[in-house]
Amino acid sequence: MNRISQLFNQKKTSVLSIFFTAGYPGLHSTVDIAEALEKAGADFLEIGIPYSDPLADGPVIQNSSQKAIANGMTVKLLFEQLKDLRKRVSVPVLLMGYVNPVLQYGVERFCASCAEVGVDGVIVPDLPMYEYEEMYRTCFEKNHVSNIFLITPHTSEERIKKIDELSNGFIYLLSSSSTTGKSLSVSATTEDYFARIKNMNLQNPTMIGFGISDHTSFSKASEYANGAIVGSAFVRLLDSENYMEKIPEFVKGIKGEISVS
Amino acid sequence: MSYHVNENGYFGSFGGAYIPEMLYPNIEELKRVYSQMISDPAFTAEYTQLLRDYVGRPSPLYLAERLSQKYGASIYLKREDLNHTGAHKINNTVGQILLAERLGKKRIIAETGAGQHGVATATVCALKGLECVVYMGEVDIERQAPNVARMKMMGATVIPATSGSKTLKDATNEALRDWINNPADTHYIIGSVVGPHPYPDMVARFQSIISEETKWQLKEKTGSTEPDYVLACVGGGSNAMGMFYHFLDDANVRLIAVEAAGKGVDSGETAATTLLGKEGVLHGSRSIVMQTEDGQVVEPYSISAGLDYPGIGPQHAHLYASKRAQYVSITDDEAMEAALLLTQLEGIIPAIESAHAFAYLDKMQFKGGETVVVCLSGRGDKDLNTYMKYFGL
């Protein structure tokens, strides 16, 4: 059983995952930020692999990707930085990136590197289910790397069931069909969608992402799923001075352990 | 060998639909409605009628006598420059706007490089009374100002793409992001044979009217449907795919695709994708992409905004890999000289994109008497600023 399943076995509600871009704001800030997030109370982490054409991302993550690439971040360098990951971080860690850099690195080599450094899963939004099943599933499973699929309000029930079958880890529920960094507006339709998924009693845990930026949206999302993922709001924090010092307050603020004005 | 798409959306090992889940329902809906539509006689009738009465098809196949004399071959120009809006792009937008109607979409988005596809999209939106939003790289907005004005005059909103190289690649990213955020009411009219399946095949079929007409026109003029050579320029590759389409299975017809070498293939400022690219995924399909070792997409360069793209359509990648077509490249300077030559020998000012195809004639060795068809994909009005600057006119 990998760390992701272990986590969800122990913790069923209000699981908090935080996303940030590797190599941003500093080329070598990746593992320091990961360690600080764990200390601050994040339940697991998603490290973004920067890509030149991140078409599912809004301006905040686009900007962080562009800067990380300019800083010199590459897939190869990221795996080098992650060599000491498991000495410093014990929570589950996922890599999130687009398919092209993974293809250039080599999918087999990518899965093997994940296993080697202790990365538990990957989220590749533009890797289709068909290609994953036909070409890459064996390689992921051999290395015990979970492939995380996305579900949107428009994903059909039949497809959700198929995704549930193929998943081992959790399923990423998009709060709306949008790029990253929009604010969450929970309308009646969104609540219906969240409730519909909840009532499907999927075998995999679910995490809600896109638009989760504060305690209000985090706790709202946690009513319907096992937890939620914060991305752009945290990446925005990294743009500020002394960001390392602000990480504990940010995480505690999202969890509602302290009130943030 | 099949040069066409298979049931999984692949041309050989290229193609597919590498899209985030947010676009999955749109793509499925598109596939379904598109396949119903192309076998519907009512669609064919409407499409054909619009191409005839609105676009002005068939476009002439013109024997360029003075050019032929110069090179020692019979050179025919397929005059896509004479279409309404001045380029081949409208063949596709007419087809896709009829599709949008059948999809029940009220809002149309598009990306554009040279502005020809943006204009062709704004045109059909005006024709059908649909809202139109065009994404265009900031750099391209500057160098193709007349086309921006035309789009605005037709009621379209032109949104500058300010990320990355601020050209066609980035405009395409912005259009895809718009579609992700507006999946229900919006249809994305992609302008080239790129993007996730079914776009490459669909755009190629809408453009295939170019080679369909060429065949019977050539038969009328020469007695044979088969030329020795067919030439077209390639950015994403829509005019080339349309020009090649009905010749793909004619093994005797040599197909030549001309890419933009920019300031030279080794200059670092180029768009010669097949020479410099590697297999990869860009804008939803697996193809050949100019990229770094780490898989970051390289920013291309060409003097012509329409060829300034770091990939090629997946069907082109398949034609390249299977060697069915030959891919060559032409520099900015060679294209500009060829444009001037065509203007002075034939009285036709070509788009700089199309001039790349003409420039390759100079590199070919003719025995004499060969039949050559060159796709004159667009007219040069939009490029006057660039011509004036380059030639000091």
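Residues numbered from 1 in each chain as written. Chains lettered and ligands numbered in written order. Predicted model: local features only at pLDDT ≥ 70, side-chain atom pairs only at ≥ 80, totals over all residues. Heavy atoms only, no water.

Asks: Tell me what's going on with the pairing of strand 1 (residues 15–21) of chain A, and back it up with residues and numbers.
Replies: Residues and elements named next belong to chain A. Counting buried positions along strand 1 yields 7 of 7 residues, so the element is predominantly enclosed. Side chains Val 15, Ser 17, Phe 19 and Thr 21 project from strand 1 onto one buried face, and the interleaved Leu 16, Ile 18 and Phe 20 project onto a second face that is buried too. For strand 1 and strand 9 (residues 227–230), the ladder comprises 4 bridges, and the chain directions are parallel. Bridging from a neighbouring strand, Val 15 pairs with Gly 227 of strand 9. Note that the unit made of strand 1, helix 2 (residues 30–40) and strand 2 (residues 44–48) has a crossover that is right-handed. (Buried < 20%, exposed > 50% of the residue type's maximum accessible area, 1.4 Å probe, protein only. Helix = DSSP H or I, 4+ residues; strand = E, 2+ residues; numbered from the N terminus. Pairing = 2+ DSSP bridges. Right-handed = clockwise from strand over helix to strand, strands pointing away.)

Asks: Outline the nonpolar core, supporting the account with residue identities and numerical values.
Replies: The nonpolar side chains of a soluble globular protein tend to be buried with one another. Membership of the largest hydrophobic core comes to 187 residues, with the highest contact counts inside it found for Leu 37, Leu 95, Phe 110, Phe 170, Tyr 172 and Phe 234 of chain A together with Phe 244 of chain B. Top contributing element to this core by residue count: helix 4 (residues 89–103) of chain B, with 7 residues. When residues of this core are assigned to domains, at least three fall in each of domain 1 (20–49 + 89–203) and domain 2 (57–87 + 208–391) of chain B. Not counting residues up to four positions away in its chain, the partners in contact with Tyr 172 of chain A are Glu 46, Met 96, Ile 123, Ile 148, Phe 149, Leu 150, Ile 151, Met 207, Gly 209, Phe 210 and Ile 229 of chain A. Counting residues in each nonpolar core, the second largest holds 37 residues, with Tyr 71, Leu 231, Val 328 and Ile 352 of chain B among its members. (Core = buried A, V, L, I, M, F, W, Y, C linked by side-chain atoms within 4.5 Å. Domains from an automatic or database assignment. Contact = heavy atoms within 4.5 Å.)

Asks: How would you sum up empty space enclosed by the protein? Please name residues and give values.
Replies: Evaluated as defined, the whole model comprises 7 cavities of 30 Å³ or more. Of the voids in this model, the largest cavity is the one considered here, and its volume is about 340 Å³. Contributing to the lining of the largest cavity are 31 residues, with His 88, Lys 89, Ser 238, Gly 306 and Leu 307 of chain B lying nearest its centre. The set of elements that each furnish at least two residues to the lining of the largest cavity consists of strand 5 (107–112), helix 5 (116–128), helix 8 (168–181), helix 11 (238–244) and helix 15 (352–361) of chain B. Tallied by class, the residues present in the lining of the largest cavity amount to 9 nonpolar, 18 polar and 4 charged. Both domain 1 (20–49 + 89–203) and domain 2 (57–87 + 208–391) of chain B contribute no fewer than three residues apiece to the lining of the largest cavity. As a volume, the second largest cavity reaches approximately 70 Å³. Contributing to the lining of the second largest cavity are Tyr 51, Asp 53, Leu 55, Tyr 98 and Asp 126 of chain A together with Tyr 18, Asn 173, Val 281, Leu 282, His 283 and Gly 284 of chain B. (1 Å grid on protein atoms, 1.4 Å probe; cavity = no way out; pocket = protein on both sides within 12 Å on 5 of 7 lines; lining within 4 Å. Points joined across faces, edges and corners; volume = space filled by probe spheres on them. Nonpolar A, V, L, I, M, F, W, Y, C, P; charged D, E, K, R; others polar.)

Asks: Lay out a nonpolar patch on the surface with the relevant residues and their values.
Replies: Residue and element names in this part refer to chain B. On the surface, a nonpolar cluster with roughly 390 Å² of combined accessible area is contributed by Ile 349, Leu 384, Met 388 and Leu 393. Within the secondary structure layout, Met 388 lies in helix 16 (residues 384–391). Residue class for Met 388 comes out partly exposed when judged on its relative accessible area of 41%. (Patch = residues over 30% accessible without salt bridge, like charges linked within 9 Å, V, L, I, M, F, W, Y side chains within 5 Å. Areas by Shrake-Rupley, 256 points an atom, 1.4 Å probe, with all protein chains shown as cover. Salt bridge = Lys/Arg side-chain N within 4 Å of Asp/Glu carboxyl O.)

Asks: Please set out the sheet that holds strand 7 (residues 157–161) of chain B residue by residue, giving values where relevant.
Replies: Residue and element names in this part refer to chain B. With respect to topology, 4 strands assemble into an open sheet ordered 7-6-5-8, the strand pairing being parallel. The open sheet has two edge strands, strand 7 and strand 8 (186–188), and neither has a second partner. With strand direction ignored, the average angle separating the axes of adjacent strands in the sheet is 25°. Of the strand pairs in this sheet, strand 6 (residues 131–137) and strand 7 are connected by 5 bridges, and their pairing is parallel. (Axes fitted to C-alpha atoms, helices over the stretch in contact; angles between N-to-C directions.)

Asks: Give me the interface of chain B and chain A: which residues, what numbers.
Replies: Accessible area lost on assembly of the parts is the figure often given for the size of an interface. The interface of chain B with chain A comprises 34 residues on the first partner and 40 residues on the second. Counting the surface lost from both chain B and chain A, the interface buries some 2,900 Å², and carbon and sulfur atoms represent 50% of this. Contact with chain A buries area across many residues of chain B, yet Glu 21, Met 22 and Arg 177 of chain B alone supply 22% of it, more than any other trio. Our count for the chain B to chain A interface comes out at 2 salt bridges. One salt bridge connects Arg 159 of chain A with Glu 21 of chain B, and the closest N-O pair in it is separated by 2.8 Å. Seen at the junction of chain B and chain A, the total is 22 residue pairs in polar contact (both at pLDDT 80 or more). Residue assignment for the side of chain B that touches chain A shows that the elements contributing at least two residues are helix 1 (24–38), helix 8 and strand 11 (278–282) of chain B. In terms of residue count, helix 8 of chain B provides more of the side of chain B that touches chain A than any other element does, 7 residues in total. Residues belonging to the side of chain B that touches chain A are distributed by class as follows: 14 nonpolar, 11 polar and 9 charged. (Buried area = accessible area lost by both parts, 1.4 Å probe. Polar contact = N/O pair within 3.5 Å; in protein donor to acceptor, adjacent residues only side chain to side chain.)

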